[in-house]
Amino acid sequence: MALMALPRQDVALTFPVLGAVTWTDTWGAPRGGGRTHIGQDLPAEKMRPLVAARDGVWYGSALNGSGIRCEDGVSLNYYHLNNDSPGTDDGLGGDEYSMAPGVWAGVPVRAGQFVAYLGDSGNAEETVSHLHFELWLKDLGVVNAFSALTSARRLECSEHYPERPEFVPLHEDEIRWDGEVREVNPEKGYVKIDLGGTVDSAGVAAGISRFTRRYLKYSDCELVPKVGDFCLVIGKIPEVGKGMSPKAMLVLRNRYAP
Ligand SMILES: [Zn+2]
């Protein structure tokens, strides 16, 4: 494959890995089996949150390569998402530990939005965990993203774009969560939910800086959540170590719905 330099008009990116990353230009580096590296490797520990580098639509899945297809003709491809259970290298993590809550094939995403977790799937299985980042441009194919990444906007915390901005908490001690239900325990009446962001009582939206999981009791709620529900939850800010009791829950979509 012919390797191309990035064209003169640079592409504005949000750096896809949250927090500090030490990396070098690995475009064109030799790889096993006579292959040539056509991306940039951004090393960080497993489960570091990844954010969308551009506005677009998420496609694919963690196991066969995932990325964001942009409406403007720029396509950004992510590979080597996390495929392990936390603290292991078991390859059994599944969607829960690869893609961000509320993000799956066909979902529109915006630059800076939390979309996935970094890991070591695919060709990275035997190397340090990293994001393999490719930048594809319409009519040019894959290009070296080094300069675009060097000048990219950096984030410590993902940006949160609430789907229902009008649904802000009514009282000072309330909080709103956007999250995906990962487990439902009907006997104990709780759900395990991973968060994509919150909105406080002043209406200020905040994303996440690391993997963020919460438990909530839903016994007083009319709605019984299901695994894969991406929902908006409103409730009282819980005490440390306690689950939140939702006052209202609104399901926005479900990962597994036909
Ligand atoms: Zn790579």
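Details of the structure are given in the entry above.
Reference entry: report on the structure contained in this document. Predicted model, so just to flag it, every value in this text is computed and none were measured.

### What about the side chain of glutamate 180?
At step 1: Structurally, glutamate 180 can be placed in strand 12 (residues 174–185).
At step 2: The exposure class of glutamate 180 is buried, given its relative accessible area of 1%.
At step 3: Within the structure, the side chain of glutamate 180 is placed 3.4 Å from the side chain of arginine 182, a separation counted as a polar contact.
At step 4: Every residue in contact with glutamate 180, bar those within four places of it in the chain, is listed here: Ala100, Pro101, Gly102, Val103, Trp104, Lys192, Ile193, Asp194, Gly228, Asp229, Phe230 and Arg255.

### Digging into the layout of surface pockets
At step 1: The calculated volume of the second largest pocket comes to roughly 280 Å³.
At step 2: Forming the boundary of the second largest pocket are 19 residues, of which Pro108, Gln113, Tyr161, Glu163 and Arg253 lie nearest the centre.
At step 3: Counted by class, the lining of the second largest pocket contains 9 nonpolar, 5 polar and 5 charged residues.
At step 4: Both domain 1 (30–150) and domain 2 (174–253) contribute no fewer than three residues apiece to the lining of the second largest pocket.

### Considerations on the nonpolar core
At step 1: Ranked by size, the top nonpolar core spans 39 residues in total, and within it Leu13, Val17, Leu42, Trp58, Val115, Phe133 and Leu135 carry the most contacts.
At step 2: If you list the elements that add at least two residues to this core, you get strand 7 (74–79), strand 9 (114–117), strand 10 (130–137) and helix 1 (146–150).
At step 3: Excluding its chain neighbours within four sequence positions, the residues that come into contact with leucine 13 are Ala53, Arg54, Leu76, Phe133, Ala148, Leu149, Ala152 and Arg153.
At step 4: Counting 12 residues, the second-largest nonpolar core is a separate cluster that includes Ile193, Leu195, Tyr218 and Met244.

### Side note on the coordination of the zinc ion
At step 1: Taken together, His37 (NE2), Asp41 (OD) and His132 (ND1) make up the protein donors of the zinc ion, found 2.0 to 2.1 Å from the metal.
At step 2: Of note, the donors binding the zinc ion are all from one chain and are spaced H-x3-D-x90-H.

### A closer look at the pattern of salt bridges
At step 1: Considering all chains together, one arrives at 17 salt bridges under this definition.
At step 2: One salt bridge connects aspartate 178 with arginine 176, and the closest N-O pair in it is separated by 3.1 Å.
At step 3: The class of aspartate 178 is buried, set by a relative accessible area of 2%.
At step 4: Note on arginine 176: relative accessible area 1%, which makes it buried.
At step 5: Salt bridges linked by common partners bring Asp95, Glu96, Glu180, Arg182, Glu183, Lys192, Asp194, Arg213 and Arg255 together as one network.

### Some thoughts on the environment of threonine 24
At step 1: Its place among the elements puts threonine 24 in the segment before strand 1 (30–31).
At step 2: Since its relative accessible area comes to 56%, threonine 24 is described here as exposed.
At step 3: Taking the C-alpha atoms as reference points, threonine 24 and aspartate 41, 17 residues apart in sequence, are found 7.9 Å from one another.
At step 4: Ignoring anything within four residues of it in the chain, the contact list for threonine 24 reads Gln40 and Phe146.

What counts, and at which threshold
- Residues numbered from 1 in each chain as written.
- Predicted model: local features only at pLDDT ≥ 70, side-chain atom pairs only at ≥ 80, totals over all residues.
- Heavy atoms only, no water.
- Helix = DSSP H or I, 4+ residues; strand = E, 2+ residues; numbered from the N terminus.
- Buried < 20%, exposed > 50% of the residue type's maximum accessible area, 1.4 Å probe, protein only.
- Polar contact = N/O pair within 3.5 Å; in protein donor to acceptor, adjacent residues only side chain to side chain.
- Contact = heavy atoms within 4.5 Å.
- 1 Å grid on protein atoms, 1.4 Å probe; cavity = no way out; pocket = protein on both sides within 12 Å on 5 of 7 lines; lining within 4 Å.
- Points joined across faces, edges and corners; volume = space filled by probe spheres on them.
- Nonpolar A, V, L, I, M, F, W, Y, C, P; charged D, E, K, R; others polar.
- Domains from an automatic or database assignment.
- Core = buried A, V, L, I, M, F, W, Y, C linked by side-chain atoms within 4.5 Å.
- Donors = N, O, S within 2.8 Å, 3.2 Å for Na, K, Ca; no water.
- Salt bridge = Lys/Arg side-chain N within 4 Å of Asp/Glu carboxyl O.

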